[in-house]
Amino acid sequence: MSSPRQIRNVVFVDGVRTPFGKAGEKGMYHGTRADDLVVKTIRELLRRNPSLPSDRVDEVSIAATTQTGDQGLTIGRSAALLAGLPRTVPGFAIDRMCAGAMTAVTTTASGIAFGAYDVVIAGGVEHMGNHPMGQGTDPNPRFMAERLVDPTALTMGSTAENLHDRFPAITKERADRYAVGSQAKLAAAYADGKIQRDLVPVATHRPGEGFGLATADEPPRPGTTLQDLATLRTPFRPHGRVTAGNAAGLNDGATACLLASAEAAEELGLAARMRLVSFAFSGVAPEVMGIGPVPATEKALAKAGLGIDDIGLFEINEAFAVQVLSFLDHFGIADDDDRVNRYGGAIAVGHPLASSGVRLMTQLARQFAESPDIRYGMTTMCIGLGMGGTVIWENPNHPDYQKGE
């Protein structure tokens, strides 16, 4: 009888992303293909890690929420071929709505831990201008006829309004104040050069306007004030609390990261910037999908044998301000706690659905390098149709880090 397989440590080596654009005809990626955005990120990862032979990549997993057109055709495989990886490198597509890239990471990381892979590329893309969320879908009529979900569950903005109803202490003014803070933190991070170092410049072409070069995110609104946000309409409910100012927008963009076993990273001279400690996904009532990060985090912490006070850095996807605030309230964390989204979040930078999970990870890895006194950090997000996902990471720069031993 063979001996039990040893579970291996998984490390985050590097992460990059395209600048995020505004979706629609006025956005900078209106004339750019989604798969070309992914290709840019894959090529940049290989350029930044020259000690990695391309034939050592064992898998390419790319997520997209709307898998059609230039986001279809098993985009992990097609992007790998377009990026010039050897034909021996396989790839696949994955979908868990907003947590697509996060799931691409956790799925391939599980393969690394088991020994199926040594090195993988995982990421996500969403071109919401070309492929709006829900395009071409056909929800089963049983959802409504048998009341399996509340009718508001299929409109993300309505689920955020429902979350406001559930937690009346989270007022519109408080949500707006949080949003202003997100814009300010992102502006400060840009001023300090913290965002640009992981952005991949993208050549663009807009019909009738010619070529351009995308080098910075398009959605941010630096200098936003509470007074500015107070005037915005509430599109999901008359006299509601969710606006374009305290929610992430509709965006285009792609992300990708390199993951490896600790042994393979050492062999190939690849830096281990984070170690995966645990992860968890959890389901909640679809009509309040924004609360999903709470049970997912509780589950991930329990698996890791950690408590919330052990987490020194939080990267929380800001689909809606109310979703972040409900998480903070549950765990007794202040709205302006310095551990939370130090570089700002999706309200400011944008949220191209399936790509966002790796943006959170890339930013956390940068913050780990800046803060060797912090041992554990977390990336977490809510997910459409009533889910949450959380990944806990360890900082290799911390004095107590022992490669997970």
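Every value quoted in this text rests on a predicted model; they were computed, and no experiment measured them.

Peer 1: It is not clear to me how the packing of aromatic side chains should be interpreted in this structure. Could you clarify?
Peer 2: Each aromatic ring pair is described using two quantities: the centre-to-centre distance and the angle formed by the ring planes. Scanning the model with the defined rule gives four aromatic pairs in all. A ring pair is formed by Phe279 and Phe281, whose centres lie 6.2 Å apart and whose planes are at 65°; its orientation type is edge-to-face. Overall, the relative accessible area of 27% leaves Phe279 in the partly exposed class. Between the aromatic rings of Phe314 and Phe327, the centroid separation amounts to 6.2 Å while the plane-to-plane angle is 70°, which identifies the pairing as edge-to-face. Of the two residues, Phe314 sits in strand S10 (residues 311-316) while Phe327 sits in helix H10 (residues 321-330), which places them 13 residues apart along the sequence.

Peer 1: Which parts of the structure should I look at to understand the nonpolar core?
Peer 2: The tendency in soluble globular proteins is for nonpolar side chains to be buried as a group. Of all hydrophobic cores here, the largest spans 40 residues; its most connected members are Phe314, Phe320, Phe327, Leu328 and Met378. Listing elements by their share of this core, those giving two or more residues are helix H5 (156-166), helix H6 (172-191), helix H9 (293-304), S10, H10 and strand S11 (376-383). Ranked by the residues each element gives to this core, the list is headed by H10, at six residues. The residues contacting Phe327, other than those within four sequence positions of it, are Pro293, Val294, Thr297, Phe314, Ile316, Met378 and Thr380.

Peer 1: Which parts of the structure should I look at to understand the pairing of strand S7 (residues 210-214)?
Peer 2: Residues in a regular strand point their side chains to alternate faces of the sheet. In this structure, strand S6 (residues 202-206) lies alongside S7, joined through five bridges in antiparallel fashion. Within S7, the residue paired with Val202 across the bridge is Ala214.

Peer 1: Is there a simple way to think about the packing of helix H3 (residues 100-114) against helix H12 (residues 356-370) in this case?
Peer 2: Working note: a packed helix pair is described by the angle between its axes plus the distance between those axes. At a minimum axis separation of 5 Å, H3 and H12 run at an interaxial angle of 70°. Classified by the interaxial angle, the pair formed by H3 and H12 is roughly perpendicular. Here Ala101, Met102 and Val105 of H3 lie close against H12, whose contacting residues are Gly357, Val358 and Met361. Here the contact of H3 with H12 is composed, by residue class, of five nonpolar, one polar and no charged.

Peer 1: Whenever I open this one, the environment of Cys382 confuses me. Can you help?
Peer 2: Tracing the chain through its elements places Cys382 in strand S11. Here Cys382 falls in the buried class, since its relative accessible area comes to 1%. Measuring from C-alpha to C-alpha, the distance between Cys382 and His127 comes to 20 Å, with 255 residues separating the pair along the chain. In this view, Cys382 contacts Cys98, Met289, Gly290, Pro293, Ala319, Gln323, Met387 and Gly388; residues no more than four positions away in its chain are not counted.

Peer 1: What am I meant to see in a nonpolar patch on the surface here?
Peer 2: A grouping of Phe143, Met144, Leu148, Leu154 and Leu385 is seen on the molecular surface, where their side chains present a nonpolar patch of about 410 Å² in accessible area. Assignment of secondary structure puts Leu385 in the loop between S11 and strand S12 (387-394).

Peer 1: Could you clarify how one ought to interpret the UniProt feature "domain: Thiolase C-terminal" (unreviewed entry) in the protein chain in this entry?
Peer 2: Using the residue numbers shown here, the UniProt feature "domain: Thiolase C-terminal" (unreviewed entry) corresponds to residues 274-394. A distance of 6 Å separates the end C-alpha atoms of residues 274-394, which is 34% helix and 26% strand.

Peer 1: Would you take a moment to explain unusual backbone geometry for this structure?
Peer 2: Trans is the common state for peptide bonds, and a negative phi is the common state for residues other than glycine. A positive phi angle, close to 60°, is found at His239, a residue other than glycine. For His239, the location among the structural elements is in the loop between helix H7 (226-230) and strand S8 (251-261). For Leu353, which is not glycine, the phi dihedral falls at a positive 30°. Structurally, Leu353 is set in the loop between helix H11 (346-349) and H12. Residue Leu353 is classed as buried on the basis of its relative accessible area of 5%.

Peer 1: How do you make sense of the UniProt feature "active site" (unreviewed entry) in the protein chain when you look at a structure like this?
Peer 2: Those places that UniProt annotates as "active site" (unreviewed entry) correspond, in this numbering, to Cys98, His351 and Cys382. Sequence-wise these annotated residues cover 285 residues; spatially they are packed, their C-alpha atoms never more than 12.0 Å apart. With respect to the helices and strands, Cys98 occurs in the loop between strand S4 (91-94) and H3. Setting aside anything within four residues of it in sequence, one finds Cys98 in contact with Thr65, His351, Leu353, Ala354, Met381, Cys382 and Ile383.

Peer 1: It is not clear to me how helix H2 (residues 75-82) should be interpreted in this structure. Could you clarify?
Peer 2: What sets the pattern is the α-helix's 3.6 residues per turn: residues three or four places apart point alike. Those residues of H2 lying buried are Ile75, Gly76, Ser78, Ala79 and Ala80. Check the buried side of H2 and you find it contacts helix H1 (34-48), strand S3 (59-63), S4 and strand S5 (119-127). Gly84 sits one or two positions beyond H2 and adopts a positive phi of about 90°.

Peer 1: Looking at this model, I keep getting lost on the side chain of Glu394. Mind explaining?
Peer 2: For Glu394, the location among the structural elements is in strand S12. A distance of 2.8 Å separates a polar atom in the side chain of Glu394 from a polar atom in the side chain of Arg375.

The rules we used
Residues numbered from 1 in each chain as written. Predicted model: local features only at pLDDT ≥ 70, side-chain atom pairs only at ≥ 80, totals over all residues. Heavy atoms only, no water. Phe/Tyr/Trp six-rings, centres within 6.5 Å; stacked < 30°, edge-to-face > 60°. Buried < 20%, exposed > 50% of the residue type's maximum accessible area, 1.4 Å probe, protein only. Helix = DSSP H or I, 4+ residues; strand = E, 2+ residues; numbered from the N terminus. Core = buried A, V, L, I, M, F, W, Y, C linked by side-chain atoms within 4.5 Å. Contact = heavy atoms within 4.5 Å. Pairing = 2+ DSSP bridges. Axes fitted to C-alpha atoms, helices over the stretch in contact; angles between N-to-C directions. Parallel < 35°, antiparallel > 145°, perpendicular 65-115°, else oblique. Nonpolar A, V, L, I, M, F, W, Y, C, P; charged D, E, K, R; others polar. Patch = residues over 30% accessible without salt bridge, like charges linked within 9 Å, V, L, I, M, F, W, Y side chains within 5 Å. Areas by Shrake-Rupley, 256 points an atom, 1.4 Å probe, with all protein chains shown as cover. Salt bridge = Lys/Arg side-chain N within 4 Å of Asp/Glu carboxyl O. UniProt positions renumbered as here; feature names shortened; annotations may be inferred. Polar contact = N/O pair within 3.5 Å; in protein donor to acceptor, adjacent residues only side chain to side chain.

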